[in-house]
Amino acid sequence: MHVRTTQSWALRPATAADLEAIAEIRAVVMRPDLVRLGRYDEQRVRQRLRDSYLPEYTSVIVVDGRFAGSVTLRPFEDGRCLESFFLDSALQGRGIGSSVLGALLARTDAEGVPVRLNVLQGSAARRLYERHGFVLEREDPVDVFMVRRPPVPTA
């Protein structure tokens, strides 16, 4: 079966008005992994995003003109931290997430800064990050912390 891998997507700056849509997609997308880890809480999954939402560093992913997810790339230590990267489950597996991530990493590579993130233990998203050059930094029973350093320029 061939899955369509090209779909029109764009990033637009997030606003305060996007908060609840992002909190909802977070709850839906993270539910399977949080349930598997015994950590799903209907209210907490949304409230954690509300408490940490930074619209100035967040982009809304728009696919075919509609809200499809979000991604946050905020300053962190010597580089950036990738957070709240959620894509509507119905759109996963079509190359959109990989394209969005590639575009963001092209920006951080141009800046010459590392990118850090954490992903839940056992999450399929870890494979996406590994394909884009992220490596294990450390882990605990719930989270896997990864880093991707910018490529070394060749002379």
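Keep in mind the model is a prediction, meaning the values are calculated, not measured.

Visitor: I'd like to hear about the side chain of S59, residue by residue, with values.
Guide: Counting through the fold element by element, S59 comes out in strand β2 (residues 58-63). By relative accessible area, S59 is classed as buried at 15%. What S59 contacts, discounting residues up to four positions off in sequence, is L11, R12, A14, G69, S70 and V71.

Visitor: Quick one: what's the story with the environment of D143, residue by residue and with numbers?
Guide: Within the fold, D143 resides in strand β7 (residues 143-148). On the basis of relative accessible area, D143 is assigned to the buried category, the value being 17%. Residues D143 and A124 lie 19 residues apart in sequence; the distance between their C-alpha atoms is 13 Å. The contact partners of D143, leaving out residues within four places of it in the chain, are N118, V119, L120 and Q121. Side chain to side chain, D143 and N118 meet in a polar contact 3.1 Å long.

Visitor: Which residues make up helix α2 (residues 44-52), and what values go with them?
Guide: Considered for burial, the residues of α2 that qualify are V45, R46 and L49. Around the axis of α2, the buried residues are gathered within 100° of arc, so they sit on the same side. With respect to the buried face of α2, the exposed residues turned more than 90 degrees away are R48 and D51.

What counts and what doesn't
- Residues numbered from 1 in each chain as written.
- Predicted model: local features only at pLDDT ≥ 70, side-chain atom pairs only at ≥ 80, totals over all residues.
- Heavy atoms only, no water.
- Helix = DSSP H or I, 4+ residues; strand = E, 2+ residues; numbered from the N terminus.
- Buried < 20%, exposed > 50% of the residue type's maximum accessible area, 1.4 Å probe, protein only.
- Contact = heavy atoms within 4.5 Å.
- Polar contact = N/O pair within 3.5 Å; in protein donor to acceptor, adjacent residues only side chain to side chain.
- Arc of directions from axis to C-beta.

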